[in-house]
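Secondary and tertiary structure notes
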Amino acid sequence: MKAIIPVAGAGTKLRPHTYTQPKALIPLAGKTVLSIIVDQLRNAGITEFIFVVGYLGDKIQDYVKYNYLNIKTHFVHQNDRQGIGHALKLCADIVGDDEVFIVLGDTLCEYDIDMVLSSPVSMLGLKKVDDPRAFGVAEIDPEGHVTHVVEKPQIPKSNMALVGIYKIRESRMLFDCLDNNMAQGLRTHGEFSITDAIDCMIRKGAAFRSFKVDSWFDAGKRETLLESNATLLKKFGGSMMSSQAYENTVIIQPVRIGKGCDIRNSIIGPNVTIGDQTTVDSSIIKNSIIGSYSNLFDIVLDYSIIGSDTGIRGETRTLNIGDNTDIDLG
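Summarised in this report is the structure supplied together with it. Because the structure is predicted, anything quoted here is derived from the model rather than measured.

1. Here we look at the overall build of the protein chain
Helix and strand content of the protein chain: eight helices and 27 strands. In the protein chain, which comprises 330 residues, the share counted as buried stands at 54%. Sequence separation of 24 or more characterises 54% of the internal contacts of the protein chain that already satisfy a separation of 6 or more. Carbon and sulfur atoms make up 46% of the accessible area of the protein chain, which amounts to about 14,600 Å² in all.

Rendered as structure tokens:
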């Protein structure tokens with residue numbers, strides 16, 4: 001089995017951070033979005049990965065090659081982004097007839113991955129949502145078989161959303177359906193959709209069962225990224241806490257502080273992630289994500305995201321600041 005992780009998107013909802021950093025490499029609870037996905041799949045026994053890269057793809061490649069020496073990797077370039085279906089079609093020659101496990105590059109979920117991998121049929125991850133019109137939606141029968149899927153319907157017949165996790169046994173049929181859809185110009189909301197290809201497979205007789213995810217962490221925009229950071233820190237943040245003592249500083253868990261940080265005369269937490277080699281002095285920080293190699297002095301931050309290589313001095317604010325920024329709030 002091969003894993004496919006599409007990470008070619010520009011992450012426009014997370015700007016300004018994604019001007020200089022791919023969305024998949026945004027820090028989250030001391031890791032990155034991408035590392036959480038890869039670690040989950042690797043721990044389940046998958047050793048071969050295909051990354052579909054595009055925007056800032058060199059940073060994805062460098063990150064994977066540096067941090068994951070023990071997996072086999074392929075990098076496929078999607079320079080003309082025409083949707084997830086188009087991204088997957090670019091992987092056809094590498095996949096061949098092997099089964100594939102597809103996880104979208106901003107999809108963080110908790111689920112029984114061993115059960116999904118051992119299933120004798122293809123599987124789709126689902127989560128009940130209040131408003132399914134913004135998602136791919138699955139209709140399922142009482143036995144859990146998926147009977148129909150549709151992308152972002154205006155009048156949904158189900159509130160079960162596709163979360164972005166797909167185990168496909170019939171990979172050749174998937175690529176055939178993608179070929180057919182692309183040849184016919186079958187686009188949904190302007191893009192070639194994996195949802196349309198899966199519905200094509202269902203019509204051709206492929207069996208799909210559903211599995212429900214326990215938690216679905218949204219890393220796609222600032223507000224939900226901070227919520228996901230807090231939830232993940234509560235789950236395993238304490239074990240990621242640096243053992244270093246910080247001068248005249250109060251730490252309110254859960255907090256994750258990176259390597260080589262200099263923190264003094266401050267209150268940190270709760271729900272704070274700080275990257276490596278960052279300096280914090282005379283500040284109060286809570287419910288925030290702070291990048292690496294940053295310098296913060298005399299600042300109070302709440303519900304903020306601060307990029308790497310950033311300098312801030314000043315007073316109470318809520319901020320959303322990208323990398324390589326220097327701000328004096330006076």
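2. Concerning the pairing of strand E5 (residues 72-77)
The pairing of strand E4 (residues 48-53) with E5 spans six bridges and is parallel. The residue of E5 that forms the bridge with Ile50 is His74. Handedness of the crossover joining E4 and E5 through helix H2 (residues 57-67): right-handed.

3. What to know about the sheet that holds strand E20 (residues 284-286)
Taken together, four strands build an open sheet; the order of strands is E14-E17-E20-E23 and the sheet is parallel. Of all the strands in the sheet, the pair left with one neighbour each is strand E14 (250-251) and strand E23 (300-302). Of the pairings in the sheet, the one linking strand E17 (residues 267-268) to E20 comprises two bridges and is parallel in character. Paired with Ile268 across the two strands is Ile285, which belongs to E20.

4. Brief notes about the nonpolar core
Ile5, Leu34, Leu41, Phe49, Phe51, Phe101 and Tyr111 are the most contacted members of the largest nonpolar core, which totals 43 residues. Among the elements that make up this core, the one with the highest residue count is helix H1 (residues 33-43) (six residues). Formed by 33 residues, the second largest nonpolar core is a distinct cluster that contains Leu174, Phe175, Ala197 and Cys200.

5. Brief notes about the state of the cysteines
A complete count under the given rule lists one disulfide for this structure. For Cys177, the disulfide goes to Cys200, at an S-S distance of 2.2 Å. Judged by the torsion about the S-S bond (-70 degrees), the Cys177/Cys200 disulfide is left-handed. Of this pair, Cys177 sits in helix H6 (residues 171-183) while Cys200 sits in helix H7 (residues 194-203), and the two are 23 residues apart along the sequence. Exposure remark for Cys177: the relative accessible area of 0% places this residue in the buried category.

6. With respect to a nonpolar patch on the surface
Nonpolar side chains collect at one region of the surface, where Val250, Ile252, Ile267, Ile284 and Val300 lie side by side and expose about 340 Å² of accessible area between them. Structurally, Ile267 is set in strand E17. Looking at Ile267, the relative accessible area reads 33%, which means it is partly exposed.

7. Description of the environment of Ile36
Turning to its location among the elements, Ile36 is positioned in helix H1. For Ile36 and Cys109, which are 73 residues apart along the polypeptide, the C-alpha to C-alpha distance reads 9.6 Å. Residues contacting Ile36, with those up to four places away along its chain left out, are Leu28, Lys31, Leu108 and Leu232.

Conventions and cut-offs
- Residues numbered from 1 in each chain as written.
- Predicted model: local features only at pLDDT ≥ 70, side-chain atom pairs only at ≥ 80, totals over all residues.
- Heavy atoms only, no water.
- Helix = DSSP H or I, 4+ residues; strand = E, 2+ residues; numbered from the N terminus.
- Buried < 20%, exposed > 50% of the residue type's maximum accessible area, 1.4 Å probe, protein only.
- Contact = heavy atoms within 4.5 Å.
- Areas by Shrake-Rupley, 256 points an atom, 1.4 Å probe, with all protein chains shown as cover.
- Pairing = 2+ DSSP bridges.
- Right-handed = clockwise from strand over helix to strand, strands pointing away.
- Core = buried A, V, L, I, M, F, W, Y, C linked by side-chain atoms within 4.5 Å.
- Disulfide = S-S within 2.5 Å.
- Patch = residues over 30% accessible without salt bridge, like charges linked within 9 Å, V, L, I, M, F, W, Y side chains within 5 Å.
- Salt bridge = Lys/Arg side-chain N within 4 Å of Asp/Glu carboxyl O.

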